[in-house]
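Each chain is listed here by its residues.
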Amino acid sequence: MLNLRKALNLQLQLVTEIIYSLSPYFYKRYFTHWKIIPANELKYLQESFDLCTIKKVVLLGGGAIPYTAIFLNNIIKPEVFVIVEKNKIAYFAASRLLKKLNLTNLKVVNVSAEDYSTNDNSLIIVALQATGKQRIVETILNESYNNILIIRQPLKKGKLVFESVSLNGWKYTTVKQKQDFESIVLTK
């Protein structure tokens, strides 16, 4: 029952996001509500890392409105910015929105995050809504180096909706968020 509840909640969120992505007015309202999340992460990153060394930013689970990518795009300015979205409708909605916003340097790819290969010297962000999160994180930690990894992890009630990740044995820092989740930052 719990897995069905998670799946239904995620699908409802995705449909809502797709609808919001169709209009610049609604997109801005949606973005305004969520922009504090990447802003908190960015503040920590700027205090802790030299962001000029980041060659690539990868957002795993970008959704129909990849607000994290839109927010970070003008600040970090990597050579490559990739948004990975496995849902085909969300992929098309995100591609359409980015084109409308003239953000042609952001590349959206339609593939499962589990199947996307990250590169070294990257900032990798695993969205709260991502599924298969444990496998995604294990792959990143085992196969790539010199990366900064941000994992959005649910707390308390959020665990009823979103997947969490076990990071036993890994040193990480937590960036508190106002919502019912936290951002975990680790380097590998």
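Cut-offs applied
Residues numbered from 1 in each chain as written. Predicted model: local features only at pLDDT ≥ 70, side-chain atom pairs only at ≥ 80, totals over all residues. Heavy atoms only, no water. Salt bridge = Lys/Arg side-chain N within 4 Å of Asp/Glu carboxyl O. Helix = DSSP H or I, 4+ residues; strand = E, 2+ residues; numbered from the N terminus. Buried < 20%, exposed > 50% of the residue type's maximum accessible area, 1.4 Å probe, protein only. Pairing = 2+ DSSP bridges. 1 Å grid on protein atoms, 1.4 Å probe; cavity = no way out; pocket = protein on both sides within 12 Å on 5 of 7 lines; lining within 4 Å. Points joined across faces, edges and corners; volume = space filled by probe spheres on them. Nonpolar A, V, L, I, M, F, W, Y, C, P; charged D, E, K, R; others polar. Axes fitted to C-alpha atoms, helices over the stretch in contact; angles between N-to-C directions. Contact = heavy atoms within 4.5 Å. pLDDT = per-residue confidence, 0-100. Left-handed = near helix turned anticlockwise from the far one by under 90°.

**A closer look at the pattern of salt bridges**
Pairing of side chains with opposite charge becomes possible as their charged atoms draw close.
Stage number 1. Here the structure, examined in full by the defined rule, presents three salt bridges.
Stage number 2. In this structure, the salt-bridge partner of Arg152 is Glu41, at a minimum N-O distance of 2.7 Å. With Arg152 in strand β5 (residues 148-154) and Glu41 in helix α3 (residues 36-48), this pair connects stretches of sequence that are 111 residues apart. Each member of the pair, Arg152 as well as Glu41, is classed as buried.

**Things to note about the pairing of strand β6 (residues 173-176)**
Stage number 1. As judged from the four bridges shared by β6 and strand β7 (residues 181-187), these two strands associate in the antiparallel manner. For Thr173, the partnering residue across the bridge sits in β7 and is Val185.
Stage number 2. Connecting β6 to the antiparallel partner β7 that follows it, the hairpin turn spans four residues.

**Re the layout of surface pockets**
Stage number 1. Of the voids in this model, the largest pocket is the one considered here, and its volume is about 770 Å³.
Stage number 2. If you trace the largest pocket, you find 38 residues lining it, with Leu10, Gln13, Leu14, Gln129 and Ala130 closest to the centre.
Stage number 3. If one sorts the elements of the lining of the largest pocket by residue count, helix α1 (residues 2-21) sits on top with nine residues.
Stage number 4. Looking at side-chain class alone, the lining of the largest pocket contains 18 nonpolar, 14 polar and six charged residues.

**What about the environment of Gly158?**
Stage number 1. In this structure, Gly158 sits in the loop between β5 and β6.
Stage number 2. Relative accessible area serves as the criterion here: at 8%, Gly158 is assigned to the buried category.
Stage number 3. It is 19 Å that separates the C-alpha atoms of Gly158 and Glu41, two residues lying 117 residues apart in sequence.

**Let's talk about the sheet that holds strand β3 (residues 106-109)**
Either a parallel or an antiparallel arrangement is found when strands of a sheet pair, and the pairing is made through backbone hydrogen bonds.
Stage number 1. The strand order β3-β2-β1-β4-β5-β7-β6 describes an open sheet built from seven strands, whose pairing is mixed. On the outer flanks of this sheet lie β3 and β6, each paired with one strand and no other. Going from strand to strand, the sheet's axes swing by 20 degrees on average, the running direction of each strand aside.
Stage number 2. Looking at chain direction, strand β2 (residues 80-84) and β3 are connected through four bridges and run parallel. Within β3, the position partnered with Phe81 by the bridge is Leu106.
Stage number 3. The sheet contacts of helix α6 (residues 133-143) involve β1 (56-60), β4 (122-126), β5 and β7, and relative to β5 the element is tilted by about 165 degrees.

**Notes on the confidence of the model for the chain**
Stage number 1. When pLDDT is averaged along the chain, the result is 88; 98% of the residues meet or exceed 70.
Stage number 2. Within the chain, the lowest mean pLDDT, 76, falls on helix α2 (residues 24-34), and the highest, 96, falls on β3.

**Digging into helix α4 (residues 67-76)**
Stage number 1. Counting buried positions along α4 gives eight out of ten residues, so the element sits mostly inside the fold.
Stage number 2. Residues of α4 that are buried include every one of Tyr67, Thr68, Ala69, Ile70, Phe71, Leu72, Asn73 and Ile76, and no others.
Stage number 3. Looking at the residues trailing α4, positive phi occurs at Lys77, about 55 degrees.

**Looking at the packing of α3 against α4**
Stage number 1. At a minimum axis separation of 9 Å, α3 and α4 run at an interaxial angle of 35 degrees. Viewed along their axes, α3 and α4 form a crossing whose handedness is right-handed. Here Ile37, Pro38, Ala39, Leu42 and Gln46 of α3 come into contact with α4, specifically with Tyr67, Thr68, Phe71, Leu72, Ile75 and Ile76.

**Here we look at the side chain of Ser112**
Stage number 1. You can see Ser112 is positioned in the loop between β3 and β4.
Stage number 2. Residue classification places Ser112 among the buried positions, given a relative accessible area of 18%.
Stage number 3. Apart from residues no more than four positions distant in its own chain, Ser112 is found in contact with Val84 and Lys86.

**Describing unusual backbone geometry**
Stage number 1. One non-glycine residue, Lys77, lies in positive phi territory at about 55 degrees.
Stage number 2. The phi torsion at Asn102 lies on the positive side, around 60 degrees, for a residue other than glycine.
Stage number 3. Tracing the backbone through its elements, the reader meets Asn102 in the loop between α5 (88-100) and β3.
Stage number 4. Taking the relative accessible area as the measure of exposure, Asn102 reaches 59% and is therefore exposed.

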